[in-house]
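Residues per chain are reported as follows:
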Amino acid sequence: MKKNLLRQRGKTRKATMLFVMATGLSFFLLPFAAYWSQQAAGIISGQVFQDYNGNGTFDTAGSAALPAIDAGIQGVTVTVYASNGTSKSTTTLASGAWSIDTSSAPVLPAGPYRVEFTNLPANYQPSARSADSVVGGTATDSGSTVQFVNNVTTSNINLAINVAEDYCQNNPTLCTSILRPGNQSQTRATTISVPYTAPSANTNLANESQTGTVYGTAYQGSTKTIFQAAYMKRHAGFGSLGTGGVYKINMSSGSPVFSNYVDLQTIGLNTGTDPRVTAGYALPNSGSTPNWDYAAYT
């Protein structure tokens, strides 16, 4: 009986000591638990950039294969929302970079967080995505205007945007005119196209006997048609439509199809007369033949 009573008292004393130790330890760890709860959140950062070639990637190399050089966009609003609705906001710098520390005042509660991009510049729209918009990506990736991150420091929450008229594919085909001396009766090329990355690999689209001297050039993307207008230049004659000539080259089949488009004189627009006709002389056939072309000064 006495042994059982002593054994029971020993168990009680041990239990009491364990309870006291556990209680003390909990009070000791409580401040650190609050600290760890706050520090579990971290810095969320990324970049907003103009994606000229629409590939969703921040391109900076400017290589022959990938000539685009993207640029940061300033002034975009970035807001980080916690699950209870509280939020913190910032705006992007000139480089497009942004950063929000969720653990600095005002402190946001533990995540996960929703990141939203607003206040895009006028006429800009989100470009292509190269990441899944969840927990970031790489330094060159980009997600959507709404992304999600965990309760940890997360970088590369990026957004690619662009304005339609600034878009350009990686290797665009350029078109230009060549001004040829003479009366434009020869077959020298007056309109050529060249790949952006291979300027020596030009393709002839029209010749001087078709267009004469042209300068102003426009492209209609919906029909893949090039339009060019007559141009007054010393020692270089006009095409078949004269001073009001507008010519077109259709590229929809992949090969150039030339045709006269309109003579602006015939629709009531006075583009003047060829001063050489008024003066009573013509330019020589060959551009290498010396001539004065004095009427072009008038």
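Shown above is the structure to which this text applies.
My aim in this report is to walk through the structure given alongside it, one point at a time. (Residues numbered from 1 in each chain as written. Predicted model: local features only at pLDDT ≥ 70, side-chain atom pairs only at ≥ 80, totals over all residues. Heavy atoms only, no water.)

**Observations concerning the packing of aromatic side chains**
Thinking step 1. As enumerated under the stated definition, the model contains seven aromatic pairs in all.
Thinking step 2. On the basis of an interplanar angle of 55° and a centroid distance of 5.0 Å, the ring pair of Phe49 and Phe58 is categorised as tilted. Each member of the pair Phe49 and Phe58 is classed as buried.
Thinking step 3. Through a chain of ring-to-ring contacts, the aromatic side chains of Tyr281, Trp292 and Tyr294 assemble into a single cluster.
Thinking step 4. The ring of Tyr81 carries the charged tip of Arg114 above its face, separated from the ring centre by 4.4 Å. (Phe/Tyr/Trp six-rings, centres within 6.5 Å; stacked < 30°, edge-to-face > 60°. Buried < 20%, exposed > 50% of the residue type's maximum accessible area, 1.4 Å probe, protein only. Lys NZ or Arg CZ within 6 Å of the ring centre and 35° of its normal.)

**Describing the sheet that holds strand β10 (residues 173–177)**
Thinking step 1. Read from one edge to the other, the open sheet built from three strands follows the order β10-β11-β12, with strand pairing classed as antiparallel. The open sheet has two edge strands, β10 and β12 (203–207), and neither has a second partner. On average, adjacent strands in this sheet sit at an angle of 20° to one another, irrespective of strand direction.
Thinking step 2. Across four bridges, strand β11 (residues 189–195) lies against β12 in antiparallel orientation. Each bridged residue has a counterpart across the sheet, and for Ala189 the counterpart in β12 is Asn207. (Pairing = 2+ DSSP bridges. Helix = DSSP H or I, 4+ residues; strand = E, 2+ residues; numbered from the N terminus. Axes fitted to C-alpha atoms, helices over the stretch in contact; angles between N-to-C directions.)

**Considerations on the nonpolar core**
Thinking step 1. The biggest cluster of nonpolar side chains holds 19 residues, and the ones touching the most others in it are Ile44, Trp98, Val115 and Phe117.
Thinking step 2. When residues of this core are traced back to their parent elements, those giving at least two are β1 (43–50), β3 (77–81), β5 (97–101), β6 (113–118) and β9 (159–163).
Thinking step 3. Leave out the neighbours within four places in its chain, and Ile44 touches Val80, Trp98, Ser99, Ile100, Thr102, Tyr113, Val115, Val149, Thr154 and Ile157.
Thinking step 4. Leu205, Ala206, Ile226 and Ile249 belong to the second largest nonpolar core, which has five residues in total. (Core = buried A, V, L, I, M, F, W, Y, C linked by side-chain atoms within 4.5 Å. Contact = heavy atoms within 4.5 Å.)

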